[in-house]
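One letter stands for each residue in the lines below.
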Amino acid sequence: MKIWKMNNSTDPTNDQPGTNVFTFYNNHSHSVIIDQVVTPIFYVIGLPANPLSAYIWLNRKTRANNSSAIYLGALSISHVIFLLFHILQELRYAWDIKTYDGHISCEIFNMLFCIPQYLAPLLVLGFTVERYIAVCHPFKKARYCTVKRAEMVVVCLLVTCLLISTLQAYFWTYDEVHQICNHRPEIQNGDFLLLWTWLTELLLFGVAPLAALIFNILVIREIHILTSGGPAHTGSSGGSSQASTATLLCVSFYLICTWLPYTVIYSLSNEFPIGDFSLTTQEVQRDATWQRHFVYNTIRVIVQEITLSNSACYFFIYYATGKHFRDSVHEILCPKKCIATTNRNHLAKQYIAVSKSSHLNGTVATCV
């Protein structure tokens with residue numbers, strides 16, 4: 001998720017070496033406060049939830065004959081890595097704490113930070129296409145929707161994202177004048193950086209979600225045709241297949257609803273340029289350019305936080321739509337003794353209901 005301050009076309013530090021951008025925005029805009037309050041919430045949710053999701057999806061029992069589990073497990077790992085890198089970026093831009101500002105660390109950080117960003121929408125597109133094949137072309141499912149093929153696709157997508165991200169190591173460098181991580185001076189005024197940024201942003205965060213949307217519509221249409229035809233058309237395993245399809249559709253639609261708005265907002269950044277930093281506080285409050293920019297920046301940060309939820313909240317989708325995932329969460333979070341006690345009490349209640357001749361004393365253990 002590329003934040004606005006990383007867009008060098010509007011980076012004030014290039015022309016104002018004496019300006020403390022963090023202090024300026026903190027005094028005139030609510031965007032910094034929104035960042036400081038909302039973003040940690042998603043860290044608290046995503047950092048424990050994503051590893052748990054990855055463990056469940058990549059468990060040997062879960063991934064056996066379930067190629068979608070490979071994609072979802074890789075997606076969970078990608079989100080963990082993204083959130084860890086995002087913490088470093090958040091400390092830098094929302095709290096004015098220097099983290100990766102330095103030689104070599106600047107280039108490495110920006111290259112590695114882009115990999116999980118690029119990978120997430122491609123993984124979602126990958127399992128969306130797979131679900132399309134499984135539902136709309138069931139006779140090809142045995143050939144294309146296999147665990148081995150899913151592993152190969154994930155590796156290929158990872159290598160592709162790595163290759164695309166390597167250019168970021170060239171784009172970024174440590175600026176000793178401003179003492180920040182910034183774009184190299186030799187490419188700031190050129191067209192290549194702008195064209196490359198727009199190309200990658202539109203393809204990965206625009207075209208990929210739209211393509212997933214199209215495949216989802218085709219899947220929903222086919223499911224409607226099958227279900228309207230009765231049980232004979234859905235097959236004996238229709239319930240399990242539909243549950244898995246529901247999970248993948250929800251994940252895919254969630255990515256579309258959170259990524260596309262940010263892509264649109266990002267594309268409008270040049271329409272709301274920054275104003276003159278030499279103005280006084282009173283002049284900034286009356287300046288039309290600054291006020292339009294502050295309104296845009298606040299909206300952008302809100303949309304950005306919604307997009308960040310994409311990397312933290314998939315756990316709730318998995319839990320709500322997948323019975324196997326839900327049962328696995330219960331097994332991990334609840335002691336086996338608790339589960340065994342619950343089962344014994346349940347059997348005891350059944351016996352009482354049938355015989356009506358005995359009474360069971362004791363407490364019932366609950367598992368939430």
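Keep in mind it's a predicted model, so treat the numbers as computed, not measured.

Student: How should the overall build of the protein be read in this particular structure?
Tutor: Scanning the protein from terminus to terminus reveals 16 helices and 2 strands. In the protein, which comprises 368 residues, the share counted as buried stands at 47%. Within the protein, residue pairs in contact and separated by at least 24 positions form 74% of the contacts whose partners lie at least 6 positions apart.

Student: What am I meant to see in the nonpolar core here?
Tutor: A general feature of soluble globular proteins is that nonpolar side chains tend to end up buried together. One finds Leu75, Leu123, Phe127, Val251, Tyr314 and Tyr318 to be the most contacted residues of the largest nonpolar core, which totals 41 residues. Looking at this core, the element that brings in the most residues is helix α5 (residues 105–136), giving 9 residues. The contacts of Tyr314, once residues within four sequence positions are left out, are Leu75, His79, Val124, Val251, Tyr254 and Leu255. Counting 19 residues, the second largest nonpolar core, distinct from the first, contains Tyr43, Leu83, Tyr93 and Trp196.

Student: I keep staring at the environment of Ile97 and nothing clicks. Help me out?
Tutor: Within the secondary structure, Ile97 sits in the loop between α4 (67–93) and α5. Ile97 gets classed as partly exposed once you look at its relative accessible area, which sits at 42%. When neighbours within four sequence positions are excluded, Ile97 is seen to be in contact with Leu91 and Arg92.

Student: Even after reading the chapter, I still don't get the pattern of salt bridges, so can you show me in this structure?
Tutor: In a structure, side chains of opposite charge can pair up when their charged atoms sit close to one another. Under the definition given, this model contains 4 salt bridges. With a shortest N-O distance of 2.6 Å, Arg92 and Asp101 are connected by a salt bridge. Overlapping salt bridges, with partners in common, bring together Arg92, Asp96 and Asp101 in one network.

Student: Is there a simple way to think about the pairing of strand β2 (residues 180–183) in this case?
Tutor: A regular strand places its side chains so that they alternate between the two faces of the sheet. Pairing of strand β1 (residues 172–175) with β2 involves 4 bridges; the strand directions are antiparallel. Bridge assignment links Tyr174 to a residue of β2, and that residue is Cys181. Between β1 and the antiparallel strand that follows it, β2, lie 4 residues; Gln179 among them carries a positive phi value of about 55°.

Student: What is the right way to read a nonpolar patch on the surface from this model?
Tutor: Together, Tyr55, Ile332 and Leu333 make up an exposed nonpolar region whose accessible area comes to about 320 Å². Positionally, Leu333 belongs in helix α15 (residues 323–333).

Student: Sorry, what's going on with the packing of aromatic side chains here?
Tutor: By convention here, two paired aromatic rings are described through the distance between centres and the angle between planes. All told, the structure shown has 24 aromatic pairs when counted by the stated rule. Arranged with centres 6.2 Å apart and planes meeting at 35°, the rings of Tyr314 and Tyr318 form a pair that is tilted. With Tyr314 and Tyr318 both in helix α14 (residues 314–321), this residue pair falls 4 residues apart, about one helical turn. The pair Tyr314 / Tyr318 is uniform in exposure class, with both members buried. Through a chain of ring-to-ring contacts, three or more aromatic side chains come together here, namely Trp57, Tyr254, Tyr314, Phe315, Phe316, Tyr318, Tyr319 and Phe325. Directly above the ring of Tyr93 sits Arg92, whose terminal nitrogen or CZ lies 5.9 Å from the centroid.

Student: Explain the UniProt feature "transmembrane region" (unreviewed entry) in the protein to me, please; I cannot follow it from the model alone.
Tutor: Annotation from UniProt places "transmembrane region" (unreviewed entry) at residues 37–58, 70–88, 108–129, 150–173 and 193–219. When the span residues 37–58 is considered, its composition is 95% helix and 0% strand, and the gap between its end C-alpha atoms is 33 Å.

Student: I tried to follow helix α9 (residues 192–228) on my own but got confused; where do I start?
Tutor: One full turn of an α-helix is made of 3.6 residues, so residues set three or four places apart face in the same direction. Given a rise of 1.5 Å per residue, 37 residues ought to cover 54 Å, and the 52 Å separating the end C-alpha atoms of α9 matches this to within 8%. The sharpest bend along α9 reaches about 30° and sits at Leu203.

Student: What should I look at first to understand α14 in this one?
Tutor: Of all the residues in α14, the buried ones are Tyr314, Phe315, Ile317 and Tyr318. Down the axis of α14, the buried set is contained in an arc of 160°. They therefore lie on one face.

Student: Honestly, unusual backbone geometry in this entry has me stumped. Any pointers?
Tutor: Residues other than glycine predominantly adopt negative phi, and peptide bonds predominantly adopt the trans conformation. For Asp96, which is not glycine, the phi dihedral falls at a positive 60°. In this structure, Asp96 sits in the loop between α4 and α5. One non-glycine residue, Ile104, lies in the positive phi region at around 75°. One can find Ile104 in the loop between α4 and α5.

Thresholds applied
- Residues numbered from 1 in each chain as written.
- Predicted model: local features only at pLDDT ≥ 70, side-chain atom pairs only at ≥ 80, totals over all residues.
- Heavy atoms only, no water.
- Helix = DSSP H or I, 4+ residues; strand = E, 2+ residues; numbered from the N terminus.
- Buried < 20%, exposed > 50% of the residue type's maximum accessible area, 1.4 Å probe, protein only.
- Contact = heavy atoms within 4.5 Å.
- Core = buried A, V, L, I, M, F, W, Y, C linked by side-chain atoms within 4.5 Å.
- Salt bridge = Lys/Arg side-chain N within 4 Å of Asp/Glu carboxyl O.
- Pairing = 2+ DSSP bridges.
- Patch = residues over 30% accessible without salt bridge, like charges linked within 9 Å, V, L, I, M, F, W, Y side chains within 5 Å.
- Areas by Shrake-Rupley, 256 points an atom, 1.4 Å probe, with all protein chains shown as cover.
- Phe/Tyr/Trp six-rings, centres within 6.5 Å; stacked < 30°, edge-to-face > 60°.
- Lys NZ or Arg CZ within 6 Å of the ring centre and 35° of its normal.
- UniProt positions renumbered as here; feature names shortened; annotations may be inferred.
- Expected span 1.5 Å × (residues − 1).
- Bend = angle between axes of the 7 residues up to and from the residue.
- Arc of directions from axis to C-beta.

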